[in-house]
Amino acid sequence: MAKRLYLRSFGCQMNEYDSDRMVELLGLEQGYQRTDDPAQADLILFNTCSVREKAQEKVFADLGRMRELKQVRPEVLIGVGGCVASQEGAAITKRAPYVDLVFGPQTLHRLPAMIQARRDSGTAQVDIRFPEIEKFDHLPPAQAHGPCAQVSIMEGCSKFCSFCVVPYTRGEEVSRPLQDVLTDVAGLADQQVREITLLGQNVNAWRGAIPGQSAPGDFTDLLGFVAEIPGIQRIRYTTSHPKEFTQRLIDAHARIPALAQQVHLPVQSGSDRILAAMKRGYSVLEYKSILRRLRAACPGVAISSDFIVGFPGETEQDFQATLDLATEMAFDGAYAFTYSSRPGTPAAALQDAVPQALKAERLQRLQQQLQQNERTLSQHMLGSLQQVLVEGPSRRDASELCGRSSNNRMINFPGAPACIGQLVTLRITEARHHTLRGERVTENATQ
Ligand code: SAM
Ligand code: SF4
Ligand code: F3S
């Protein structure tokens, strides 16, 4: 019987991307098949996240449950990867001695060798180094699972925002070479992928050599090349950083038709004082100027964002500035978090913590405002025509289909499976809380 792998992702899109690569690697090299039931698994992997304390603690709580499975079947191997592994290293095997493998985001390609070494030696294996982007040379070619796929274009982060663990857990920014990215995208396009999301903690920090060009190319150059690949009809990217959101990139939104009308551009706070303490590297005015120019270049572009409330020293006035920004900028989709102090980050040493209850109250007020924006924008979409890439059956009603509009809204509609993977035009007929409903207005596919 095939060996079974149970894998859980706890983190961001990069974390989920890494999980998919692990499943592919272990499937191809060691014949593992994925299972949803940890009790059936021969190998249990947790791909962890340490961006907030809650996420980190959840890992240890869930690991405790896996220990019980190992007591029943001692041959089961348990591995912890991702950002908690990267930060804690061998401390994990001390706290949880039943863990067999500890690997980081940059060493996941060594898993097959680590599993072998664990079996041969009988001792836990820990490898959380940052070997310069070596992993991509050891991973199998990207496999498509439908019309949308993600491609990592860079690893790590060198921004060192004062609150954030990512530069420590994933290492400094390293860009993948242009040719490698294009090979991945072309390979996916050959497997009928139509929409590519370029991934990285700061995708617009990408730099790389461009054939026939002496100066290094930037993210806008990369977008131009990706858009040329036959079959690619839509391109998204996430996450971008305001500091490197250049006029060239804004102009690309007017020039490249395949670029989706959607940008995720985290702002974190609407107060200059807090932005400076966060070491974000831009002012509120600069951020607003980017949005104004982006909206001029690409009318209708949906802009989503991330916010942190309750950063040390945040006053009611600072928070009000964040609320005002959220109202004024009409974000379409936003994630808001309460500040979580992370050991080892500069902000962890700051005085003047905001009490937990106040943080929670501010979070609620901000979320209310953000949801209000989202509802208003949904209402604006009523009656409009939207180009939707059909992804598959609707989750709510399997007799219907679902897909995403260019501005990244999920839309359900009645249609035949033959149009999965195609771009169709829908008229929006209903705006629900999170999703929209539509109806076909063209005959691109068999109804
Ligand atoms: N690289 C992206 C950027 O700069 O915006 C996002 C990276 S982070 C994985 C995703 C989001 O988590 C951040 O935008 C921030 O809002 C939030 N975050 C990061 N560290 C946090 C902390 N210590 N407490 C609360 N939220 C945090
Ligand atoms: Fe973290 Fe800042 Fe890097 Fe984003 S840019 S990953 S928030 S350090
Ligand atoms: Fe979490 Fe690491 Fe992503 S800390 S958010 S999994 S980069």
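Before reading further, recall that the structure is shown in the block above.
Here the structure is a predicted model, which means the values were calculated and not measured. (Residues numbered from 1 in each chain as written. Chains lettered and ligands numbered in written order. Predicted model: local features only at pLDDT ≥ 70, side-chain atom pairs only at ≥ 80, totals over all residues. Heavy atoms only, no water.)

### Remarks on the nonpolar core
At step 1: Formed by 69 residues in total, the largest nonpolar core has its most connected members in L198, F219 and Y237.
At step 2: Look past the residues within four positions of L198 in its chain and what remains in contact with it is V151, I153, V203, F219, L222, L223, V226, I235, R236, Y237 and T238.
At step 3: Membership of the second largest hydrophobic core comes to 21 residues, among which are L63, V76, I92 and A96. (Core = buried A, V, L, I, M, F, W, Y, C linked by side-chain atoms within 4.5 Å. Buried < 20%, exposed > 50% of the residue type's maximum accessible area, 1.4 Å probe, protein only. Contact = heavy atoms within 4.5 Å.)

### With respect to the site of ligand 2
At step 1: All residues in the neighbourhood of ligand 2 are listed as C157, K159, F160, C161, F163, C164, V166, P167, Q201, N202, H241 and R280.
At step 2: Residues that form the shell around ligand 2 fall into these classes: 7 nonpolar, 3 polar and 2 charged. (Near = heavy atom within 4 Å. Nonpolar A, V, L, I, M, F, W, Y, C, P; charged D, E, K, R; others polar.)

### A short note on the pattern of salt bridges
At step 1: Inspection of every chain in the model, using the stated rule, returns 31 salt bridges.
At step 2: In this structure, R73 engages D42 in a salt bridge whose closest nitrogen and oxygen atoms are separated by 3.3 Å. Here the residue R73 occupies a position in the loop between α2 (53-72) and β4 (77-81), and D42 occupies one in the loop between β2 (33-34) and β3 (43-48), the gap between them amounting to 31 residues.
At step 3: Using a relative accessible area of 22% as the deciding quantity, one classes R73 as partly exposed.
At step 4: Here D42 falls in the partly exposed class, since its relative accessible area comes to 22%.
At step 5: Members of the salt-bridge network, linked through shared partners, are E314, E316, E361, R362 and R365. (Salt bridge = Lys/Arg side-chain N within 4 Å of Asp/Glu carboxyl O. Helix = DSSP H or I, 4+ residues; strand = E, 2+ residues; numbered from the N terminus.)

### Regarding the packing of helix α7 (residues 178-190) against helix α8 (residues 219-228)
Helix packing geometry: the angle between the two helix axes and the distance between the axes.
At step 1: Packing of α7 against α8 brings their axes to within 10 Å, and their N-to-C directions diverge by 30°. Judged on the interaxial angle alone, α8 and α7 are roughly parallel. Considering how the two elements wind past one another, α7 and α8 form a crossing that is right-handed. Every residue of α8 that contacts α7 at L178, V181, L182 and V185 is listed here: L222, F225 and V226.
At step 2: For the contact of α7 with α8, the residue count by class is 7 nonpolar, no polar and no charged. (Axes fitted to C-alpha atoms, helices over the stretch in contact; angles between N-to-C directions. Parallel < 35°, antiparallel > 145°, perpendicular 65-115°, else oblique. Left-handed = near helix turned anticlockwise from the far one by under 90°.)

### Details of the packing of helix α9 (residues 247-255) against helix α11 (residues 284-297)
At step 1: Where α9 contacts α11, the two axes come as close as 8 Å, and the packing angle between them is 25°. In this view, α9 runs roughly parallel relative to α11, as classed from their interaxial angle. Here the hand of the crossing between α9 and α11 comes out right-handed. Residue-level inspection shows Q247, I250, H253 and A254 of α9 in contact with α11, the latter providing I290, R293, L294 and A297.
At step 2: Residues of the contact of α9 with α11, tallied by class, amount to 5 nonpolar, 2 polar and 1 charged.

### Observations regarding α7
At step 1: Taking 1.5 Å per residue, 13 residues should reach 18 Å; α7 reaches 18 Å between its end C-alpha atoms and fits that length.
At step 2: All of the buried residues in α7 are L178, V181, L182, D184, V185, L188 and A189. Angularly, the buried residues of α7 cover 160° about the axis, an arc narrow enough to put them on a single face.
At step 3: Where α7 is buried, its residues touch α1 (13-30), β7 (148-152), β10 (195-199) and α8.
At step 4: Positive backbone phi, at 75°, marks Q192, one or two positions downstream of α7. (Expected span 1.5 Å × (residues − 1). Arc of directions from axis to C-beta.)

### Focus on the site of ligand 1
At step 1: Lining the immediate environment of ligand 1, one finds 16 residues, of which Q201, P266, Q268, D306 and S340 sit closest.
At step 2: Within the contact set of ligand 1, an oxygen atom lies 3.2 Å away from a side-chain nitrogen or oxygen of R52.
At step 3: A distance of 2.8 Å separates a nitrogen atom of ligand 1 from a polar backbone atom of Q201.
At step 4: Taken by itself ligand 1 offers 560 Å² of open surface, and the protein chains cover 92% of this.
At step 5: Every element with two or more residues in the shell around ligand 1 is listed here: β15 (302-309) and β16 (334-338).
At step 6: Tallied by class, the residues present in the shell around ligand 1 amount to 6 nonpolar, 6 polar and 4 charged. (Polar contact = N/O pair within 3.5 Å; in protein donor to acceptor, adjacent residues only side chain to side chain. Areas by Shrake-Rupley, 256 points an atom, 1.4 Å probe, with all protein chains shown as cover.)

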